[in-house]
Amino acid sequence: MSVPTPSLSPSETNYIITSLYGVFPQANGSARVNVGGTEVVAGVRLEVVDSSEEEGGWRGKVEVDVTPQAFPTISTQNLSSISTHLSAILSSHFIPSLPPLPILPNRKYFQPNLHLTLLSSSGSIPSTLVLASRAAFADLKIPKTKIISWTGDADGEGQGDLSGIKAAIAGGAKGKGKGKGKYVARGGEDWDLDLEDGNGVEYMKGREGLPVLVTLNLVPNSPNIFIDATPQEESACPTRLQLFFSSTSPGPTKLKLCGMRLEGPEGLDQGRIKGLLVEGEKVAGELIKEVNSTLPR
Amino acid sequence: MSSSRLEILNDGGLRHDARRPYELRSTSFLLSTSSSSSTSSSSSTGLTPPDGSSTVTQGLTSVQVTVFGPREPRQRSLAAHDRATVAVEVGVVPWASSGSGAKRTRGDKRLQEIGAAIRQTFEPVIMTHLYPRSEIAINVQVLSADGGILPTSINATTLALIDAGISLLDYVTSISIGLHLLQPLLDLSQPEEMDLPTLVVASLPSSGKITLAQMETRLHVDRFEEMLTLGTDEEGRR
């Protein structure tokens, strides 16, 4: 098991990251990220959907729009295949880490629709897309909601007027997943915005733990690796390992690997994988710490 | 009657965003705004930066335009032997219109129409005979929209073409004009655009020639001349 000697440029110095939060007030959460020459604008819009926990209708949706100015030499048709490819990467490795945003638990949810626009490209596109997605979700302000419903007497046992019985039967049917055996008259469940304290919005829980993507580019026929490739470096070293890391706790982090992709014609000696994962985790840890320290409060 | 509807013009003569009828929104014009046109010393010139770019913001409407060209046409069959062909593509971000997000962000019929209008506006103005057998590609990206996408795009395209060093006969400036009960209003925002008949005019300031006059609503012909004159005067001042 050979641990390669990486020729890394330190993440802090090679990344020219300028991210701006909240650049589009019309979106619920937005950010603009520029890494080297790759610029991505991301926005999240929340939609109210009816779904249950296991149906999964509350899962987020993502779409990547590749503008022609990012790849001026490529035809529109191929641009849309690049779009689909990048949307698929995010959809499989970033979206599953998003927690559900319930309004009425098990019935109504806020569904995040993430949209990314790639304005210019200069290497390391997937990493920048994930950074921008992360930034948009860090900026996302979710409206606080409260549940409005009425509940009858708990020891009523079905007594009371007809409307009470009707509501009790309806309440029993609705609450079948809640494991309550007795008839508790309940009805009219609805939701409304909670504007009591502050401005009625709050940041998403767990936004510090969202994934980042570290791309380890492998130099052909050599144990060396490097990160943050420019376009020429990407064409010279086509084999790369993309690792998605997320953190579950905000403290000194134990990172979890939540996605892994290998691209390129050469393939990889399986003995190297462990070492590469260790290196990738180190870089991801530094990156997460840096980015979390600049979150909007 | 609906009291929650927006008042286009209130009794004090102010519009819903406290502007006077002939007052324009605050504008900003920036050139060379594409990030890859200002690359750092580490050679990230693998991808070609655009030849010209600009970002124009009018009120809350913000449009970024990048220009590539004159360059080898992507489709040889479309190349003209004696002049350049102009190709325009328009994209919007889905949250651009506050309301429901647009379903298609690119290649939509509505966006193709806007692209065609921009192309028809600039084809007579760009000196295409100076660039035979080549293509000038204009990419319009709407970053946020609050009414007036077309006029803002035209203004941004003029600046991007100038930034790219492409020869033009003159600047092309554009504005939207609406009519509310005999009172013309300039530079409409989104709520106003949805309610009023709107005329979009693009003209060349020095000669006063009009390269685009577009309207999709109904307007009495007596009012039309007044609005057209008002628009071209306003553009001359701009």
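All figures in this text were calculated on a predicted structure; none of them were measured in a lab.

Calculation notes
Residues numbered from 1 in each chain as written. Chains lettered and ligands numbered in written order. Predicted model: local features only at pLDDT ≥ 70, side-chain atom pairs only at ≥ 80, totals over all residues. Heavy atoms only, no water. UniProt positions renumbered as here; feature names shortened; annotations may be inferred. Helix = DSSP H or I, 4+ residues; strand = E, 2+ residues; numbered from the N terminus. Domains from an automatic or database assignment. Contact = heavy atoms within 4.5 Å. Buried area = accessible area lost by both parts, 1.4 Å probe. Salt bridge = Lys/Arg side-chain N within 4 Å of Asp/Glu carboxyl O. Polar contact = N/O pair within 3.5 Å; in protein donor to acceptor, adjacent residues only side chain to side chain. Nonpolar A, V, L, I, M, F, W, Y, C, P; charged D, E, K, R; others polar. Core = buried A, V, L, I, M, F, W, Y, C linked by side-chain atoms within 4.5 Å. Buried < 20%, exposed > 50% of the residue type's maximum accessible area, 1.4 Å probe, protein only. Phe/Tyr/Trp six-rings, centres within 6.5 Å; stacked < 30°, edge-to-face > 60°. Lys NZ or Arg CZ within 6 Å of the ring centre and 35° of its normal.

J.: I would appreciate a short explanation of the UniProt feature "domain: Exoribonuclease phosphorolytic" (unreviewed entry) in chain A in the present structure.
T.: Listed under "domain: Exoribonuclease phosphorolytic" (unreviewed entry) in the UniProt record, and renumbered for this structure, are residues 21-143 of chain A. As annotated, residues 21-143 of chain A has a helix share of 27% and a strand share of 38%, and its two end C-alpha atoms lie 18 Å apart.

J.: Please explain the domain arrangement of chain A as it appears in this structure.
T.: By a widely used convention, the size of an interface equals the accessible area lost when the partners come together. All names here are of chain A. In terms of domains, chain A is made up of domain 1 (10-144 + 200-292) and domain 2 (146-193). Taken residue by residue, the interface counts eight residues in domain 1 and seven residues in domain 2. Taking both partners together, domain 1 and domain 2 bury about 590 Å²; carbon and sulfur atoms supply 70% of that area. Between domain 1 and domain 2 we count zero salt bridges in total. Taken together, the links from domain 1 to domain 2 amount to zero residue pairs in polar contact (both at pLDDT 80 or more). A class-by-class count of the residues in the side of domain 1 that touches domain 2 yields five nonpolar, no polar and three charged.

J.: Sorry, what's going on with the nonpolar core here?
T.: Nonpolar side chains tend to gather and get buried jointly when the protein is soluble and globular. Counting residues in each nonpolar core, the largest one holds 55 residues, and the members touching the most others are A:Val66, A:Leu90, A:Leu116, A:Leu129, A:Phe137, A:Met204 and A:Leu216. No other element matches the eight residues that helix 3 (residues 125-139) of chain A contributes to this core.

J.: Any chance you could explain the packing of aromatic side chains here in plain terms?
T.: What describes a pair of aromatic rings is the distance from one ring centre to the other and the angle between the planes of the rings. Residues and elements named next belong to chain A. Overall, the coordinates contain three aromatic pairs over all chains when judged by the stated rule. Centroid distance Phe-94 to Phe-137: 6.1 Å. Interplanar angle 45°. Geometry classified as tilted. Residue Phe-94 is located in the loop between helix 2 (76-93) and strand 5 (101-104), and its partner Phe-137 is located in helix 3; the two are separated by 43 residues in the primary sequence. The exposure classification of Phe-94 matches that of Phe-137, with both residues buried. Geometrically, the ring pair formed by Phe-110 and Trp-191 is edge-to-face, given 6.3 Å between the ring centres and 80° between the ring planes. Note that Phe-110 is positioned in strand 6 (residues 108-120) and Trp-191 in strand 9 (residues 186-193), a separation of 81 residues in sequence. For the cation-ring pair, Arg-207 lies above Tyr-203, with the distance from its terminal atom to the ring centre recorded as 4.1 Å.

J.: Looking at this model, I keep getting lost on the pattern of salt bridges. Mind explaining?
T.: Pairing is possible between side chains of opposite charge, provided their charged atoms come close. One pass over the structure, following the stated rule, counts 16 salt bridges over all chains. Between A:Arg240 and A:Glu263 there is a salt bridge, with its nearest N and O atoms 3.0 Å apart. Pair noted here: A:Arg240 is in strand 13 (residues 240-247) and A:Glu263 is in strand 14 (residues 255-263), with a separation of 23 residues, a long-range link. A salt bridge links B:Arg15 to B:Glu192; the shortest N-O distance between them is 3.0 Å. Of this pair, B:Arg15 sits in the segment before strand 1 (27-31) while B:Glu192 sits in helix 3 (residues 190-195); the two residues are 177 residues apart in sequence, bridging distant segments of the chain. Assessed through its relative accessible area of 3%, B:Arg15 is described here as buried. Each of B:Arg15, B:Asp17, B:Arg19, B:Arg25, B:Asp146, B:Asp187 and B:Glu192 takes part in salt bridges that share partners, so that together they form one network.

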